[in-house]
Amino acid sequence: MTDNDVPRERMEDKKDQIYEDLLNILTEELGVSPTDVNPTLDIRDDLAFDSLQLYSFIITVEEAYDIRITDEQIDKVHTMNDLVDMVCDIINQ
Amino acid sequence: MNDREQRMADSLVSIFEKVLVAEEKSLQKDYFKNLSLAEMHTLDAIGPYESRTMTETAQILGVTVGTLTVAIDRLVKKGYVERCRDEKDRRVVRISLTRDGKLAARMHGKFHKVLAKHILEPYTDKEQDMLLGLVTDVEDYLNTQVSRYDDNSDTKQTAKKVAADVRRRKKND
């Protein structure tokens, strides 16, 4: 293992944790079934979220991580993986 | 008034009225039926992330603190705004949006963005830049007009200038 692999590994752990957190928010607060959620799931199309549900989800994520997610950033997010990457980027900024 | 000026005058009034009507209608048919447009704009002025003092918010909205207090009382009752004491100075009351308030403000912000997106969509990037440049010119002009009325001496000075211009034109006629 090289030195460069360590931070990458930590980053992957962090992303796994964020994915778990997002999954909890979706299932516990928005009533989505855990079996319906996977990393490539399209948040808008597969979950059939309307804009109110989407914003509700985003506001919960913002509050959970004490971050701000702009509309422009939301527009770029399609899958759960996209959202995990975005949250991770914002936290690391 | 020539034909172009008449069309511009009609369009300005029409745009102003229709944006308000569209906003009202979107509120009425949406999830926030118990919010008036003025209340929605108060939520916008507070902002989804900040906690503001009453004075700051009143300044943003261009109203007195007394007027704002009545509006905030209503929004607190409806569950969109909450009051809290400033941590550094307990005498100062700060206002911020509740979760429902944040949701309403973000949904309303989205309405404005979708409106703008649909207006710009049919045009090329170059045309969009040109259109934005022209709209900004109109906005700058209107800002100048509004600021004239904020300062009485300027208003008097401008009124004097207009009167002088009219006299000059009459003399030339």
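Residues numbered from 1 in each chain as written. Chains lettered and ligands numbered in written order. Predicted model: local features only at pLDDT ≥ 70, side-chain atom pairs only at ≥ 80, totals over all residues.

Trainee: A description of helix 4 (residues 65-78) of chain B should follow, citing residues and the corresponding values.
Mentor: Each α-helix winds once per 3.6 residues, and so residues spaced three or four apart point in a common direction. Residues and elements named next belong to chain B. For helix 4, spanning 14 residues, the distance from its first C-alpha to its last is 20 Å, which sits close to the expected 20 Å at 1.5 Å a residue. Taken together, the buried positions of helix 4 are occupied by Leu 68, Ile 72 and Leu 75. The buried residues of helix 4 all sit within an arc of 60 degrees when viewed along its axis, so they share a single face. Residues of helix 4 that are exposed and angled more than 90 degrees away from the buried face: Gly 66, Thr 67, Val 70, Asp 73 and Lys 77. Residues of helix 4 that are buried make contact with helix 2 (37-46), helix 3 (54-61), strand 2 (81-85) and strand 3 (93-97). (Helix = DSSP H or I, 4+ residues; strand = E, 2+ residues; numbered from the N terminus. Expected span 1.5 Å × (residues − 1). Buried ≥ 20, exposed ≤ 12 C-beta atoms within 10 Å, placed from the backbone. Arc of directions from axis to C-beta. Contact = placed C-beta atoms within 7 Å.)

Trainee: Summarise the interface of chain A and chain B; cite the residues concerned and give the values.
Mentor: Taken together, the contacts link 7 residues of chain A with 10 residues of chain B. Per-element tally for the side of chain A that touches chain B: the top contributor is helix 2 (residues 51-65) of chain A, with 5 residues. Classifying every residue of the side of chain A that touches chain B gives 3 nonpolar, 2 polar and 2 charged. (Nonpolar A, V, L, I, M, F, W, Y, C, P; charged D, E, K, R; others polar.)

Trainee: Describe the packing of helix 2 of chain B against helix 5 (residues 99-120) of chain B, with residues and values.
Mentor: The description of two packed helices rests on the angle between their axes and on the distance between the axes. Residues and elements named next belong to chain B. Taken N-terminus to C-terminus, the directions of helix 2 and helix 5 make an angle of 100 degrees; their axes are 9 Å apart at the nearest point. Compared by their axis directions, helix 2 and helix 5 come out roughly perpendicular. For the pair helix 2 and helix 5, the contacting residues are Met 40, Leu 43 and Asp 44 in the first and Gly 101, Ala 104, Ala 105 and His 108 in the second. When its residues are assigned to classes, the contact of helix 2 with helix 5 shows 4 nonpolar, 2 polar and 1 charged. (Axes fitted to C-alpha atoms, helices over the stretch in contact; angles between N-to-C directions. Parallel < 35°, antiparallel > 145°, perpendicular 65-115°, else oblique.)

Geometry only, nothing functional implied.
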